[in-house]
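# Descriptive analysis of the structure
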Amino acid sequence: MVEMLQKKAIITNDKRVNSVEVRSQYLKIRNLPQKEKRIGSINSKPYVFFGILLLISFYFIRRQVYLLGVLIQVISIYNLCFTHNEKLVEFYRGYVVFYHINEHKDDCFLLFWEDVAGWYFTNGSHGYDAICVELRNHKQVTLRCVERWKIARYFKRCTALKQDAISHIRQL
C-alpha cells in the first residue's frame, strides 16, 4: 500500500503527467453553466424515509402503542415540515455538481465526466461518506456525499458512457 502511494506521488510530481488539462474546478454557484437539463439530484431531506416513519407511527397508534406512535409521528412531521431541504448533488449529462463542499454555502465543485480517471468511496464522519475522485491529471479530489448507491450508479453509467465514446472514436 505504501509503495503504491509512493508511486502515485512520483507520478503526480511528474510535469508531463500534470500537463493534462481538466475542466473540473471549484466554482461559485452563480457561475455554473445553465444549458443542460438535470438528469438527477440528491437532496438533504429524505422524504421517503420520513414518509415510511409516518406510516409506521400510524401502525403503532392503531396497535395502541400510543407513546411510541405519537413520538415517531412528531419527529416525522417536524422533519417533513420544518427542516430545510438543500441540494447536495446534481447530475447532468456532461457533469456533476457537488454543493456545500466547505463552510461557504455559495461554493460548489463542478466535475466533468470526461475528467474522471477513477473514483472510490471512503467512510466519512457526521453521517456523510466521502467520494475520492482521481482526475485525468492524477490529482485527487475528495468530496463529502450521502446516498453513495445513487452516486455510484450515476458515476458508473456516465463515466462508462464517456469511456465508450472515447474508445469508439479511437477505433475510427
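Refer to the structure above for everything that follows.
Note that this is a predicted model, so its numbers are computed, not measured.

How each quantity is defined
Residues numbered from 1 in each chain as written. Predicted model: local features only at pLDDT ≥ 70, side-chain atom pairs only at ≥ 80, totals over all residues. Heavy atoms only, no water. Pairing = 2+ DSSP bridges. Helix = DSSP H or I, 4+ residues; strand = E, 2+ residues; numbered from the N terminus. Axes fitted to C-alpha atoms, helices over the stretch in contact; angles between N-to-C directions. Parallel < 35°, antiparallel > 145°, perpendicular 65-115°, else oblique. Left-handed = near helix turned anticlockwise from the far one by under 90°. Contact = heavy atoms within 4.5 Å. Nonpolar A, V, L, I, M, F, W, Y, C, P; charged D, E, K, R; others polar.

The next point concerns the sheet that holds strand S5 (residues 107-112). An order of S1-S5-S4-S3-S2 is seen for the 5 strands of this open sheet, with the pairing classed as antiparallel. The sheet is open, and its two edges are formed by strand S1 (25-28) and strand S2 (38-43), each paired on a single side. Here the strands of the sheet are splayed against their neighbours by 20° on average, with no regard to which way each runs. Pairing of S2 with strand S3 (residues 87-92), which is carried by 5 bridges, proceeds in the antiparallel orientation. When the sheet's bridge partners are listed, glycine 40 is paired in S3 with phenylalanine 91.

Our next topic: the packing of helix H3 (residues 47-62) against helix H4 (residues 66-82). Contact pair H3 / H4: the axes reach a minimum separation of 8 Å and the direction vectors enclose 155°. Taken together, the axes of H3 and H4 are roughly antiparallel relative to one another. Crossing of H3 over H4 shows left-handed handedness. Judged by residue contacts, Tyr47, Phe50, Leu53, Leu54, Ser57, Phe58, Phe60 and Ile61 of H3 engage Tyr66, Leu68, Gly69, Val70, Ile72, Gln73, Ser76, Ile77, Asn79 and Leu80 from H4. Grouping the constituent residues of the contact of H3 with H4 by class yields 13 nonpolar, 5 polar and no charged.

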